[in-house]
Amino acid sequence: MPDDDSQHPTTRILALLELLQAHHRMSGAELATRLGVDPRTVRRYATRLAEFGVPVEAERGRYGGYRLRPGYKLPPLMFTDDEATAVVLGLVASRGVGLVTSTTASATESALAKIARVLPVAVRERVDAVQETLGLTGSARDVQAPRTAVVLGLASAAQRGRRVRIGYESRQGERTERDLDPYGLVVDRGRWYVTGHDHRRAQVRTFRVDRISTLESLPETFEPPGDFDAVASVSRSLARVPWAHEVEFVLRAPFADVRRRIPATMAMLTEVEGGVLVALRAERLDGVALMLAGLGWRFEIRRPEELREHVCSLADALHADAMAHPCL
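Fair warning: this is a prediction, and the values are worked out from it, not measured in the lab. (Residues numbered from 1 in each chain as written. Predicted model: local features only at pLDDT ≥ 70, side-chain atom pairs only at ≥ 80, totals over all residues. Heavy atoms only, no water.)

A.B. asks: Give a description of the environment of glutamate 300 that names residues and reports values.
C.D. replies: Structurally, glutamate 300 is set in strand β12 (residues 299-303). Overall, the relative accessible area of 31% leaves glutamate 300 in the partly exposed class. In this structure, glutamate 300 is in contact with Phe249, Val250 and Arg252, ignoring residues within four places of it in sequence. Within the structure, glutamate 300 has its side chain in polar contact with the side chain of arginine 252 (distance 2.7 Å). (Helix = DSSP H or I, 4+ residues; strand = E, 2+ residues; numbered from the N terminus. Buried < 20%, exposed > 50% of the residue type's maximum accessible area, 1.4 Å probe, protein only. Contact = heavy atoms within 4.5 Å. Polar contact = N/O pair within 3.5 Å; in protein donor to acceptor, adjacent residues only side chain to side chain.)

Shown next, in the form of structure tokens:
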């Protein structure tokens, strides 16, 4: 591989530092491949880091490599303009969709402020313009943020396959203690959920993380099902939430179009002859009538019968308004 030291050597030296920070040890061949240079250039980069006061240790021999001296503390992170912009946009997006916990909301604001202070003026102005003009669809609901320690504990347990004991409060206010094998975490419109095997019910269940008051790691381990899909599991659970009314109707539209308009967390969809069967639960039938009107497709109501009355009332109201203000 040709020596490419003339093309942005400082950037590659910093990239070498980042690689050594992220990995305990890397061979010269690995570093050369990652950096796009030859092994001789890697040795020169390591020498330059040593000249800057960064203790890079080289191991000689056929299987030699490079590492940072154990115990050495690296200086503060250094970002390129593009990296800093990516971090800022990621923080802005996470804030907009509600991807926060009890302590990270304020941390997001302080991190944005810190990065903004060190960005070059031209880059900062462009990033500020994005923040001021960016709009997000599917923004977060006004929900209670979960405890940061609970989120981190569940994530660690899911990654390591460790059972946990949680203190949980149901929607009805019932407090229980459960042993859970957490398979994964899912965020839906700013609300955090954990899904996994609930040993109290002996089945896969979904729990709202903000309703978990205590979390204890247990010695037992588990292996999640190999084909388990946490997002699909949570979506099915949310679609089956026991609201006041069980509703079924058929939409005369292609399945793919219906799926784009009705998320999996809202309803169960089944392709049937002539359309799509939609099964959902709702607290208010007048809201379902508005949804049907807004979708704009022909439909057939299966149940409950009371939904027909709400649809007819809405149709009468729309007709009355149209007649009171006729089109020109």
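A.B. asks: Please give an account of the side chain of serine 27 that cites residues and values.
C.D. replies: Looking at the element boundaries, serine 27 is found in strand β1 (residues 26-27). Apart from the residues lying within four places of it in its own chain, the contact partners of serine 27 are Gly64 and Gly65.

A.B. asks: Can you explain the pattern of salt bridges? Please cite residues and give values.
C.D. replies: Taken as a whole and judged by the stated rule, the model has 18 salt bridges. The partner of glutamate 59 in a salt bridge is arginine 25, and the shortest N-O contact between them spans 2.5 Å. With glutamate 59 in the loop between β2 (56-58) and β3 (65-68) and arginine 25 in the loop between α1 (9-22) and β1, the pair connects residues that are 34 residues apart, well separated along the chain. Among the residues examined, glutamate 59 registers a relative accessible area of 31% and is labelled partly exposed. Exposure remark for arginine 25: the relative accessible area of 32% places this residue in the partly exposed category. For arginine 208, the salt bridge goes to aspartate 210, with nearest N and O atoms at 2.8 Å. Residue classification places arginine 208 among the buried residues on the basis of a relative accessible area of 17%. In this structure, a network of salt bridges that share partners links the residues Glu246, Glu248, Arg281 and Arg303. (Salt bridge = Lys/Arg side-chain N within 4 Å of Asp/Glu carboxyl O.)

A.B. asks: Give a detailed account of the packing of α1 against helix α3 (residues 39-51), specifying residues and quantitative values.
C.D. replies: Where α1 contacts α3, the two axes come as close as 10 Å, and the packing angle between them is 80°. The orientation of α1 relative to α3 falls into the category roughly perpendicular. Residues Pro9, Arg12, Ile13, Leu16 and Leu17 of α1 pack against Val42, Tyr45, Ala46, Arg48 and Leu49 of α3. (Axes fitted to C-alpha atoms, helices over the stretch in contact; angles between N-to-C directions. Parallel < 35°, antiparallel > 145°, perpendicular 65-115°, else oblique.)

A.B. asks: I'd like a description of helix α5 (residues 104-118), backed by residues and values.
C.D. replies: Counted at 1.5 Å a residue, the expected span for α5 with its 15 residues is 21 Å, and the 21 Å between its end C-alpha atoms agrees. All buried positions along α5 are accounted for by Thr108, Leu112 and Ile115. Take α5 and look down its axis: the buried residues cluster within an arc of 75°, on one side only. Exposed and oriented more than 90 degrees from the buried face of α5 are Ser106, Lys114, Arg117 and Val118. Buried residues in α5 make contact with α4 (81-97) and α6 (121-133). (Expected span 1.5 Å × (residues − 1). Arc of directions from axis to C-beta.)

A.B. asks: Run through the sheet that holds strand β5 (residues 175-188), naming residues and quoting values.
C.D. replies: Ordered in space as β7-β6-β5-β4-β8, the five strands form an open sheet in which the pairing is antiparallel. With one partner strand each, in any of the chains shown, β7 (203-208) and β8 (212-221) form the two edges of the open sheet. The sheet shows a mean angle of 45° between the axes of neighbouring strands, taken without regard to direction. Two elements, strand β6 (residues 191-198) and β7, share six bridges in a ladder whose sense is antiparallel. Within β7, the residue paired with aspartate 198 across the bridge is glutamine 203. (Pairing = 2+ DSSP bridges.)

A.B. asks: Break down the packing of aromatic side chains for me, citing the residues and quoting the values.
C.D. replies: The final tally for this structure, using the stated rule, is three aromatic pairs. Residues tyrosine 183 and phenylalanine 222 carry aromatic rings whose centres are separated by 5.8 Å and whose planes lie at 50° to one another, so their mutual orientation is tilted. Note that tyrosine 183 is positioned in strand β5 and phenylalanine 222 in the loop between β8 and α8 (230-239), a separation of 39 residues in sequence. Neither tyrosine 183 nor phenylalanine 222 differs from the other in exposure class; each is buried. (Phe/Tyr/Trp six-rings, centres within 6.5 Å; stacked < 30°, edge-to-face > 60°.)

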